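What the coordinates show
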Amino acid sequence: MSDRIEPALFAPAAFDAAAAERGGYESYSYWRSTFRTFMKSRLAVTLLLAMTALVAFSFAYPALSGADPNAVALDTERWNLRPGSGSGPFGTDGLGRDMWARTWHGARTSLLLGFVIALFDVGLGMIAGAIWGYARRIDRFMTELYNVVTNIPQTVVLILLSYILRPGFWTIVIALCSTGWLSIARFVRNKVITIRDAEYNIASRCLGTPPGRIIGRNVLPYLVSVIIMEAALTIPYSIGAEVFLGFIGLGLPLDTVSLGNLVNLGKANFMLYPYQLAWPTSILAAITVSFYIVGNKFADASDPRNHV
Amino acid sequence: MNAEPLLSLEGISVTFGSGRKAFRAVDGVSLELMQGETLSLVGESGSGKTTVGRAVMRVLPLSAGSIRYRGERISGRIPAAAERGLRQKIQMIFQDPMASLNERAKIDYIVSEGLANFRLYGNEAERRAKVERAMEEVGLLPEFASRFPHEFSGGQRQRIGIARALAMEPELLIADEPISALDVSIRAQVINLLNKLKKDRGLSYLFIAHDLSVVRFISDRIAVIYRGRLVELAPAEELFARPLHPYTKALLSAVPVPDPDAERDRKIVAYSPSMHPYGDSHPTWAQALPGHFVSGTPEEIETWLGGPGTVPT
Amino acid sequence: MKRATLVAATLAMVGLTAMAGCGAARKSADRYATTYFTEAKTLNYFLLLDSTAQRVAANTQDGLVENDRFGRYVPSLAESWTHNDDYTVWTFTLRQGAAWVDSAGQRTAWEVTADDFVEGLRYVADPANGIKNVSTIRKVIAGLNGYYYDLLDIDEGKDIGMTREAAEENFRTVGVAAPDPRTVVYTLTKPTPYFLSYLVTELFFPLERAFLDQVGAQDFGTSRERLIYSGAYYLADWQRDKQIVMEKNPLYWDAASVPVKTVSMQKVTDPAVSVEMFIRGELSATGLQADQVKALAGTPQAEFVYPAEISSVTYWFIQNFSSDNPEFRAFVNNPDFRKALYYGIDRVKLLSLYDPYNPAGLLRNTVVPEETVVDENGRDYTDYPGLAELKAAGDYFDTDKARSYFAKAVAALTDGAGAIKGVSPATVDMKPVAEFAVDGKLPLQMLYVHSNDANDTKMALLLQAMLEEVFQGQVKLVLGQYVDDKFNDVVEPRRFDLVYDSFRFGFGDPSAQLSRLVTDGGINDGRYSDPEFDALIQEAEGENLLSERYALFSRAERLFIDRVYVIPFQVGGGAYTMSKAVPFTYPRGGFGTTRFKYKGMIVEREPVTKARYEKLKAEFLSEMESATKR
Amino acid sequence: MLRYMLKRFAQSILTVALVVLAVFMLLRLMPTSGYFSREDYVTMDEAARTAYLRTLGVLDDPFTQFGRFASALAGGDLGRSITVYPRTPITEILAEKIPYSLWFGVAGISVSMALGLLLGVMMARYKDGPTDWLGTAYVVVVRAVPSLIYLFLIQTAASRLLGLPMIFYADDVSSWILPAASMALPGLAWYAIWLRRFMVDEENKDYIKFAVAKGVPRGKVMTGHVLRNAIVPLVQYFPTQVLLTITGSLIIESIYSIPGMGGLLVYAIRQHDNTLVQALVLIYSALVVAGVFLGDVLMALVDPRIKLSSAPVEREAA
């Protein structure tokens with residue numbers, strides 16, 4: 001260290017007010033940041049890729065291969081063949097049906113079921129929740145409706161509806177959505193109520209912003225993370241519900257190939273032909289787990305507080 | 001005062017809730033605001049001052065009285081066209097710069113939100129120009145337009161709020177405690193900005209605050225509100241020099257003095273409504289001195305003006 | 001706490017090992033442990049609604065007669081009986097001193113007397129008691145039908161000029177009487193040589209009126225304490241949805257013939273668990289499904305697997321002769337098409353789903369089951385001319401025959417270009433089961449309805465593929481599905497073209513099934529109509545000499561099957577079992593409850609091997625030969 | 001306070017009544033043919049079927065039926081089952097079955113709470129370490145994969161590996177282990193993830209940083225401040241959880257043959273046992289309402305910031 005002090009080092013720095021204002025930020029985009037934050041989690045990205053691949057394959061394979069998942073073998077020798085042995089990569093089931101084709105057809109049905117339920121639940125829930133939160137007049141009614149509906153054990157609704165209607169794709173959709181949308185609506189309502197009286201909303205009203213745009217610009221963007229998370233989590237939930245309904249004998253018709261049906265059929269023969277349960281279960285778990293994690297990670301990423 | 005008032009409140013009341021739970025937040029407030037004037041409305045939190053501001057902005061409905069702007073009634077049901085005009089002419093600045101900006105919208109959208117609502121521009125270029133001008137006016141860089149609120153400091157955000165109001169080219173700004181949420185160091189910035197705008201644009205302000213010390217230097221007149229009622233209204237210096245109502249005195253006694261000796265001797269005066277000898281009689285709103293109004297019974301006012309039984313200050 | 005748990009766990013393990021353990025060969029055990037899948041709904045033995053309750057009732061209550069191990073009717077609470085010449089009056093002499101015991105196995109104040117049988121029937125005959133099976137005997141016992149309807153009308157609020165009390169008084173006119181405490185006399189509406197077969201059903205069990213009054217009609221049989229027992233066992237424990245334990249009744253009149261002291265039944269929901277528990281030594285017996293049999297191949301257990309008893313239930317396919325599906329309606333009313341179906345359904349392949357090793361063993365080619373109805377000479381009804389050939393035909397599946405019959409039907413019903421005569425395109429509305437469009441052309445579309453049970457669904461898919469292949473793409477099966485316990489909503493409004501159904505055999509006479517299959521008969525769900533068949537049945541019903549009677553019935557049945565009004569398919573029961581109970585030591589029979597008795601059953605410490613089963617079976621058959629032929 | 005309680009009570013009664021009425025009306029949509037097995041149906045003629053239905057009491061008009069139900073209820077009687085356990089008083093059935101569900105439920109809650117909180121603490125303590133990673137993986141699997149699958153695998157695999165009985169025997173303690181463990185699994189995941197999230201959030205708060213900076217040992221900060229604060233919101237859900245254990249778990253009770261309440265509701269609906277369904281729905285919804293109320297009371301007791309007022313405490317699902 002030198003004793004000599006270099007005066008040049010102590011030259012006063014120029015102050016530029018504009019530069020000070022500018023701060024250290026780059027031009028910012030919400031979605032890009034969300035995306036970047038999401039991409040930071042290697043697990044999430046891996047699972048997103050896996051999920052996309054699974055979904056893509058589940059929809060592409062049945063459409064492209066033309067394999068009939070219900071094509072039974074009249075030759076009993078072809079029943080219950082283990083994987084390999086000229087029986088497709090996943091083997092055949094008790095009727096000689098190709099487990100590979102069945103698994104992917106099943107995945108497609110279950111995903112479709114999940115998507116439709118997610119669409120209805122979240123769509124209806126968002127709209128109803130936004131209205132519920134905004135219109136004070138219906139709050140009492142909606143709250144009582146919510147109390148009543150959530151107080152009816154969900155199995156009662158599921159079973160009664162499966163009974164009154166015929167078990168089938170849309171029955172399950174109706175049964176699951178009949179209560180699902182309300183809990184999302186309730187959640188949205190609570191959010192909307194806190195947002196409703198926030199100052200920036202009053203500011204918008206003072207600026208003469210019409211209610212439609214207030215909901216669209218001031219309320220809904222705050223619910224994006226909720227929407228995405230709920231939608232993503234509805235997939236594992238609805239698949240689980242389908243498995244449960246199958247367990248109590250009110251699932252999709254058994255000639256409909258779905259993961260729930262495959263699991264319940266495979267379960268019966270688990271001791272004997274474990275692969276008949278293992279394959280559909282693995283695919284099912286891969287789907288539900290990836291949707292679950294991706295949904296959660298995306299919800300985290302879509303929160304701007306996590307962006308920096 | 002001979003000119004026509006810009007804004008006049010005529011005995012307005014605002015009630016929250018209904019039935020037994022009804023709560024009257026503002027109770028029979030009357031005041032007039034002149035063109036180019038800064039009128040401050042001061043009171044502690046819960047006194048109804050913010051409610052008055054919001055009632056003017058038509059965010060809250062009146063339960064009694066009326067509000068006129070340039071002589072036209074602007075409270076209650078009014079034609080859509082009138083409402084439209086009003087939205088441009090009267091704007092508001094909010095107390096909390098953190099809460100008053102939509103976190104999920106870019107500054108560009110926030111500042112031009114009002115412009116877009118009324119299509120106050122011919123084309124996109126014109127809109128951008130207006131946004132940039134408003135931002136420059138409050139000392140923000142135009143390139144900030146593409147950023148989000150959370151990237152800004154409190155002072156910057158408050159300036160964004162002001163720019164949003166300015167973009168509408170209003171005549172009257174209702175400033176609802178615009179600086180109380182800010183650091184002391186930044187307060188001066190914002191106050192100076194408001195003063196500059198008043199000078200440059202001939203703006204009028206209804207300035208809402210809970211602290212008399214803040215408003216002394218920007219106000220032409222000051223109104224003191226207590227529990228939804230006005231208790232005193234006077235030109236700024238007059239009020240400081242000669243407060244009449246005990247509540248005003250109590251408020252003034254709480255203002256710190258920048259002189260250490262005086263500060264040491266400063267006594268805080270407590271106020272309680274029970275100080276008033278109101279039995280069956282009600283206080284009235286009366287002009288005690290020219291331009292100096294106060295709420296009280298004639299006897300009280302007599303006393304406050306220095307008659308018998310003066311309360312020593 | 002921890003240590004206590006550990007100790008208890010260890011002890012339990014030791015106990016299990018001991019139970020499962022080695023032991024000397026063929027040593028008999030006094031405990032029989034098994035499982036059940038559906039809970040007994042009630043112990044009220046007149047309300048039998050499920051097989052578990054039947055098992056309990058069979059072992060805890062006795063009737064006048066019971067089945068022995070050859071299925072013959074032998075004395076039980078009745079020591080002896082006589083009937084008049086035209087089989088319309090039957091007189092039973094009761095055993096002396098048969099006691100009612102309570103749920104602790106203790107003697108009660110009551111003995112089984114003739115009045116108890118009168119009271120039993122009185123209880124059954126009262127519509128207010130909601131006894132579902134009463135329909136079976138309403139027209140058998142003299143005066144019962146009128147009595148029942150009088151009460152019913154009163155309950156429905158109709159004025160028949162009598163109070164309920166007065167109407168109940170009329171029970172005196174019903175054909176059951178107790179002239180003295182040891183004599184019961186039944187008077188019947190018509191000659192009924194097979195009357196004994198009714199007596200093994202719960203409808204003729206005794207009821208101690210004093211006890212009924214004591215517990216109250218509502219509470220009777222709702223818990224084991226609210227019941228008294230006259231059978232070989234009393235109910236020592238009943239935990240709903242958990243277990244049923246029956247202990248030997250020490251006061252039983254035939255206690256010497258009851259080697260097993262304790263019958264314990266555990267409820268399980270998954271058949272696989274039952275098998276696993278048997279392997280671990282927790283059970284004395286278990287049923288096995290086809291796949292489970294396969295799973296045991298190569299394990300030490302494989303040698304214990306032998307075929308289970310088949311039952312008198314017959315499964316058959318029914319066709320809807322008045323279907324809303326115009327294509328199928330046209331075809332089904334053509335006898336050649338029905339023949340084509342008859343030969344075109346590969347039943348053995350369908351049965352491979354249930355028994356991969358010997359599916360043909362589950363076939364049944366007649367409506368009336370074999371080994372249930374025997375004439376006075378010991379000749380089985382199904383060995384009568386006409387039926388014997390059907391039985392011998394075994395698996396008659398024949399693609400060529402099916403195709404040629406189908407070609408004949410097609411030639412008769414279509415215009416040669418594939419359009420079905422008189423049929424125009426239509427939408428077939430069989431909602432909620434199915435809805436589909438038909439174009440009035442070949443291929444023929446037909447709706448096959450099945451339950452949502454896994455095996456039923458598999459069978460439907462297999463049948464679909466099979467018919468497609470056999471009829472070379474000219475028959476397309478549309479599949480419709482119903483929730484398994486909603487079958488009535490499918491059959492009653494006839495929302496099907498083809499469906500399979502099964503019926504319990506109610507009593508020991510061919511009329512039990514055949515008389516219900518006539519035009520407008522109770523189980524004529526296809527709504528066919530054949531006056532020739534109806535006339536034959538009517539004639540047979542009038543004949544009292546069993547061999548003559550059966551000859552007439554068998555002619556009718558042959559005609560019925562030749563014209564393919566139904567397609568007999570499969571026997572009930574079947575599949576496989578592993579058991580420590582020695583086969584053929586316990587009662588058997590085609591109907592009623594006494595075939596569920598464990599009386600006489602010998603349980604060993606080791607499972608019975610397949611080889612031993614075969615040997616025992618051969619012995620049993622020859623014994624039965626000499627026992628039944630008088 | 002008392003006024004509030006009374007009002008809340010009246011509100012609850014209304015809710016429960018509406019729930020029961022709604023279910024009651026839904027039940028009337030089911031066809032009466034469901035009361036007969038196929039065999040019974042064909043054996044009985046029309047008159048006999050009608051007579052049988054009359055003995056079940058399902059032919060009267062719905063209002064009469066509901067009135068009967070309500071008036072019996074007023075007398076403290078839940079009525080008798082009609083098809084599941086014909087003529088058996090429902091109270092008797094419940095008295096038999098509730099204890100099983102209750103004991104397994106409470107055992108499950110105790111285990112899941114103890115282990116779940118422990119796991120949560122460990123995960124937060126060693127955040128981003130292998131414990132955290134494994135714990136998270138466990139939570140994800142339990143919450144994402146349908147419970148039927150892993151419960152079934154546990155039954156078959158664990159009973160074989162550990163030599164434990166496949167079904168429940170009341171007198172064999174070792175047979176309690178698997179079902180109780182299965183009961184605990186989902187709750188364990190819930191507690192763990194909840195506590196972990198809470199603790200991670202809390203640790204970043206100033207007062208914790210301050211305490212650590214002041215030299216308070218980390219472990220003490222964790223138990224003294226973080227854990228205590230974390231437990232408070234859990235308290236709100238606790239009564240509901242405990243009360244609802246009596247509804248049992250359908251899957252677990254079914255696969256282990258536990259004679260609890262789990263399958264009863266499903267079974268009752270499938271058997272068209274309207275009185276039993278109504279009684280169960282009544283009980284369950286009353287329990288939910290009571291649970292929420294007790295939760296709010298408990299919250300008010302443990303958290304001084306919360307007062308019981310006219311507005312129920314807002315709950316957000318964790």
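Residues numbered from 1 in each chain as written. Chains lettered and ligands numbered in written order. Predicted model: local features only at pLDDT ≥ 70, side-chain atom pairs only at ≥ 80, totals over all residues. Heavy atoms only, no water.

Residues and elements named next belong to chain B. Looking at the assigned domains, one finds that chain B contains domain 1 (35-60 + 76-242) and domain 2 (246-313). Here domain 1 and domain 2 have C-alpha centroids that lie 31 Å from each other. Across the contact, 19 residues belong to domain 1 and 15 residues belong to domain 2. Carbon and sulfur atoms supply 64% of the area buried between domain 1 and domain 2, which totals about 1600 Å² over both sides. (Domains from an automatic or database assignment. Contact = heavy atoms within 4.5 Å. Buried area = accessible area lost by both parts, 1.4 Å probe.)

Right, let's talk about the arrangement of the chains for a bit. Counting contacts across all four pairs of chains that touch, the top-ranked interface belongs to chains C and D. Across the gap from chain B to chain C, with no contact made, the nearest C-alpha atoms are 49 Å apart. Contact between chain B and chain D is absent, and the minimum C-alpha spacing across the pair is 12 Å.

Membership of the largest hydrophobic core comes to 196 residues, with the highest contact counts inside it found for F92, Y186, F195 and F317 of chain C. Apart from the residues lying within four places of it in its own chain, the contact partners of F92 of chain C are L64, V65, A78, S80, W81, R182, T183, V184, Y186, F195, L196 and L199 of chain C. The next biggest cluster of nonpolar side chains, apart from the first, holds 112 residues, and it includes F38 of chain A together with V140, L185 and M261 of chain D. (Core = buried A, V, L, I, M, F, W, Y, C linked by side-chain atoms within 4.5 Å. Buried < 20%, exposed > 50% of the residue type's maximum accessible area, 1.4 Å probe, protein only.)

So, about the interface of chain D and chain C. Across the boundary between the two partners, chain D contributes 55 residues, which contact 64 residues of chain C. At the boundary of chain D with chain C, total buried surface from both sides reaches about 4800 Å², with 46% on carbon and sulfur atoms. Counting every contact that joins chain D to chain C gives 10 salt bridges. In this structure, the salt-bridge partner of K132 of chain C is D40 of chain D, at a minimum N-O distance of 2.9 Å. Counting across the interface, chain D meets chain C through 26 residue pairs in polar contact (both at pLDDT 80 or more). Counting only elements with at least two residues in the side of chain D that touches chain C, the list comes to α2 (38-43), α3 (46-56), α5 (90-125), α7 (147-161), α11 (250-255) and α12 (264-270) of chain D. Tallying contributions element by element places α3 of chain D first for the side of chain D that touches chain C, with eight residues. For the side of chain D that touches chain C, the per-class residue count stands at 27 nonpolar, 14 polar and 14 charged. (Salt bridge = Lys/Arg side-chain N within 4 Å of Asp/Glu carboxyl O. Polar contact = N/O pair within 3.5 Å; in protein donor to acceptor, adjacent residues only side chain to side chain. Helix = DSSP H or I, 4+ residues; strand = E, 2+ residues; numbered from the N terminus. Nonpolar A, V, L, I, M, F, W, Y, C, P; charged D, E, K, R; others polar.)

All names here are of chain C. Of note, T108 is situated in strand β8 (residues 107-111). Judged by relative accessible area, T108 falls into the buried class, the value being 15%. Ignoring anything within four residues of it in the chain, the contact list for T108 reads W100, V101, D102 and I228.

Next up on the list: the interface of chain A and chain C. Many structure descriptions define interface size as the accessible area lost when the parts assemble. With 24 residues of chain A in contact, the opposing surface of chain C contributes 27 residues. Buried area between chain A and chain C, both sides added, is near 2200 Å², and the carbon and sulfur share of it is 63%. Of all residues in chain A, the largest losses of buried area upon contact with chain C belong to L74, Y163 and R166 of chain A, amounting jointly to 27% of the total for that side. On inspection of chain A and its partner chain C, the count reaches zero salt bridges. Summed over the shared surface of chain A and chain C, the result is three residue pairs in polar contact (both at pLDDT 80 or more).

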